[in-house]
Structure formats: C-alpha cells, structure tokens
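Examining the three-dimensional arrangement
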Amino acid sequence: MHTGNVGSVHRKSLAAVAEKAPREVFVNELFIGDHGKIRQTCKEMGLHATGGYQQHKCFMRFEDQCSYKYLLNSASIGYANKFKYLLLCGSVVIYVQDGMQHKEFYEHGLLPGVHYVQVATADDVPAMVRYLREHDSYARAVASAGRARLPAPDPG
C-alpha cells in the first residue's frame, strides 16, 4: 500500500502496477492540496480494502496506513522521506529500488531481507507480495525486525 503523491515517474509506475494487480497493490493518490477538499478517510468510505489505483477520493490517517501488512517505499520527486515512519508501523516495508538516489543516515544500518524487503522495480511488487503471503512467518519476522531496529518515537 502506498498513499500520497504519485507525481514522480517511479510512483506513476507503481500506480500503473496497482491498476494491473489490484489484489497485490493498492495506491491511493493524494496531494497536499487535496487535504482541504477531501473530508473522509478511505476507511470511512469503504475504499481502504479495494486495492488498485484510486485518485483524489479519500485520505488515510497514519494509523490506518499502519494497519496494512505490506507498505511500499518508492522514489519521489526529491527523495522519499517516509521510510523510517513506515518501518515504525511494524508492517513489512517493500523498498522499490528504482530511482532511489538518496539515503538517510539511518538506512545504512538496515539490511534488505532482514529489516525490509527489496525489489528492483515497481513491476516486481506483485510477485513480492505473493511471496510474502506464501511465507508469512518470514514476513512477520522482517516486519518485527524492521520495527525493532528503529528507536521508539519520543512524543515528549
């Protein structure tokens, strides 16, 4: 599952894959400018479990995003900065390598296959989701290791 801006060429590829493989991929496109116009969450509208690609229909609270078993991290227009937040969800993060040019400091301490899973391109995401579904104990171990690797946030 990915929610947010789909403006980069890499995220457009992810949206195209979601259209072709709605059982494995869900992309919810939402721009910052949509926040004042869109008043309901995807969950409130019953769109959170549809899969595929949807544009400008609903928004997702972070806690709703964290309810998904598999979350997608892919290249953005600048750099993708939500990897750390996705790991904190305790979900398996599928890291799409294509277009990822910049890394944040903490990423050097993470290992693919241990703290997250990695695919080369958006086209590889559906097969990875199917693999993770077939190997649920591995998926749970990766999700747990990814969550444990980052320190707990301190709201105070």
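Everything that follows concerns the structure shown earlier in this document.
Let us look at the structure shown here. What you are looking at is a predicted structure, and each value in this text was computed from that prediction instead of being measured.

1. Here's the deal with the state of the cysteines
- Considering all chains together, one arrives at two disulfides under this definition.
- Between C42 and C58 runs a disulfide, and the two sulfur atoms are separated by 2.0 Å. Because the torsion about its S-S bond is 85°, the bridge between C42 and C58 counts as right-handed. With C42 in helix α2 (residues 42-45) and C58 in the loop between β3 (52-55) and α3 (62-65), this residue pair connects regions lying 16 residues apart in the sequence.

2. Looking at the sheet that holds strand β6 (residues 117-119)
- One open sheet accounts for three strands, arranged β4-β5-β6; its pairing is parallel. This sheet does not close on itself; its edge strands, each paired only once, are β4 (70-73) and β6. With direction set aside, neighbouring strand axes in the sheet form an average angle of 25°.
- As defined by bridge partners, β4 adjoins strand β5 (residues 92-96) across four bridges and the pair is classed as parallel. Bridging from a neighbouring strand, L71 pairs with V93 of β5.
- Its contacts with the sheet place helix α6 (residues 136-149) against β4, β5 and β6, and it is angled at close to 85° to β5.

3. Comments concerning the packing of aromatic side chains
- This model, assessed by the stated rule, comprises seven aromatic pairs.
- Ring geometry for F83 against Y95: centres 5.0 Å apart, planes inclined by 65°, an arrangement best described as edge-to-face. In this pair, F83 sits in helix α4 (residues 83-88) while Y95 sits in strand β5, placing the two residues 12 residues apart along the sequence. There is no split in this pair, since F83 and Y95 are both buried.
- With a centroid separation of 5.3 Å and 85° between ring planes, the pair formed by F83 and Y116 is classed as edge-to-face. With F83 in helix α4 and Y116 in the loop between β5 and β6, this pair connects stretches of sequence that are 33 residues apart. Like Y116, F83 is buried.
- What links up through ring pairs into an aromatic cluster is the set F83, Y95, F105, Y106 and Y116.

4. Some remarks on the environment of G109
- For G109, the position within the fold is in the loop between β5 and β6.
- Separated by 96 residues in sequence, G109 and S13 have C-alpha atoms that sit 28 Å apart.
- Non-local contacts of G109, meaning those with residues more than four positions away in its chain, are made with H115 and R149.

5. Re the layout of surface pockets
- Considering only enclosed or pocket space, the second largest pocket measures out at about 220 Å³ in volume.
- Lining the second largest pocket we find 18 residues, and of these R23, E24, F26, Y68 and R133 sit closest to its centre.
- A per-class count over the lining of the second largest pocket returns 11 nonpolar, three polar and four charged.

Calculation rules
- Residues numbered from 1 in each chain as written.
- Predicted model: local features only at pLDDT ≥ 70, side-chain atom pairs only at ≥ 80, totals over all residues.
- Heavy atoms only, no water.
- Disulfide = S-S within 2.5 Å.
- Helix = DSSP H or I, 4+ residues; strand = E, 2+ residues; numbered from the N terminus.
- Pairing = 2+ DSSP bridges.
- Axes fitted to C-alpha atoms, helices over the stretch in contact; angles between N-to-C directions.
- Contact = heavy atoms within 4.5 Å.
- Phe/Tyr/Trp six-rings, centres within 6.5 Å; stacked < 30°, edge-to-face > 60°.
- Buried < 20%, exposed > 50% of the residue type's maximum accessible area, 1.4 Å probe, protein only.
- 1 Å grid on protein atoms, 1.4 Å probe; cavity = no way out; pocket = protein on both sides within 12 Å on 5 of 7 lines; lining within 4 Å.
- Points joined across faces, edges and corners; volume = space filled by probe spheres on them.
- Nonpolar A, V, L, I, M, F, W, Y, C, P; charged D, E, K, R; others polar.

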